[in-house]
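Examination of the molecular architecture
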Amino acid sequence: MTERHDEHASITVRTATMADEAEIRRVLLELHPDGVDAVTLPHVRQEARTFVATHSDRVVGVAVATLVDYGHEAYGSVEELVVEAQGRGVGTGGSLLDECRRWLEASGAEVVFVSAADDQAAHFYRSSGFVRCTGPWLYWVPNASRRKGEPR
């Protein structure tokens, strides 16, 4: 629980409970004025699956996919996807990605995100049907400002 005290207000932040559901829906109307009837907050469905590709009982590739569904536009992410260097170029990565996408789609994901570490990975994802996006996305790196000597 976090409390904030200043001259204007005293704010407490805590984990939501089922008793908060009506109030959560009321506040979410600010963001979704057309309605939030399907919103299942405060219970968020979060799932993850790890898939492996094997060859002769040896793991040669790994993929980790996550799903977040809070009742309004579920989304998935392929968090990790890696194939051993000597096993690349034969479809293993594509098979892992396909399995991630099948699971995410069956789980209700409306969009799937990936992050490409380099141009080769970006090319792989683009050739698999992904489109580069920027949109409203922003990111934050914990403790980045403190590492640069700036006060928090």
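Predicted model only: the values in this text are computed from it and were never measured. (Residues numbered from 1 in each chain as written. Predicted model: local features only at pLDDT ≥ 70, side-chain atom pairs only at ≥ 80, totals over all residues. Heavy atoms only, no water.)

1. Digging into the sheet that holds strand β3 (residues 45-55)
Sheet architecture is open: four strands sit in the order β3-β4-β5-β6, paired in mixed fashion. The open sheet has two edge strands with one neighbour each: β3 and β6 (111-114). Ignoring which end each strand starts from, the neighbouring axes of this sheet average 20° apart. Relative to β6, strand β5 (residues 75-83) runs parallel, the two sharing four bridges. Counterpart to valine 78 in the pairing with β6 is valine 114. Along the sheet face, helix α2 (residues 92-106) touches β3, β4 (58-69), β5 and β6 and points at about 25° away from the line of β4. (Pairing = 2+ DSSP bridges. Helix = DSSP H or I, 4+ residues; strand = E, 2+ residues; numbered from the N terminus. Axes fitted to C-alpha atoms, helices over the stretch in contact; angles between N-to-C directions. Contact = heavy atoms within 4.5 Å.)

2. Things to note about the packing of aromatic side chains
Evaluated as defined, the whole model comprises three aromatic pairs. Ring centres of tyrosine 125 and phenylalanine 130 lie 5.7 Å apart, and the angle between their planes is 75°; this geometry places the pair in the edge-to-face category. Note on tyrosine 125: relative accessible area 7%, which makes it buried. Aromatic rings pair up to connect Phe124, Tyr125 and Phe130 into one cluster. (Phe/Tyr/Trp six-rings, centres within 6.5 Å; stacked < 30°, edge-to-face > 60°. Buried < 20%, exposed > 50% of the residue type's maximum accessible area, 1.4 Å probe, protein only.)

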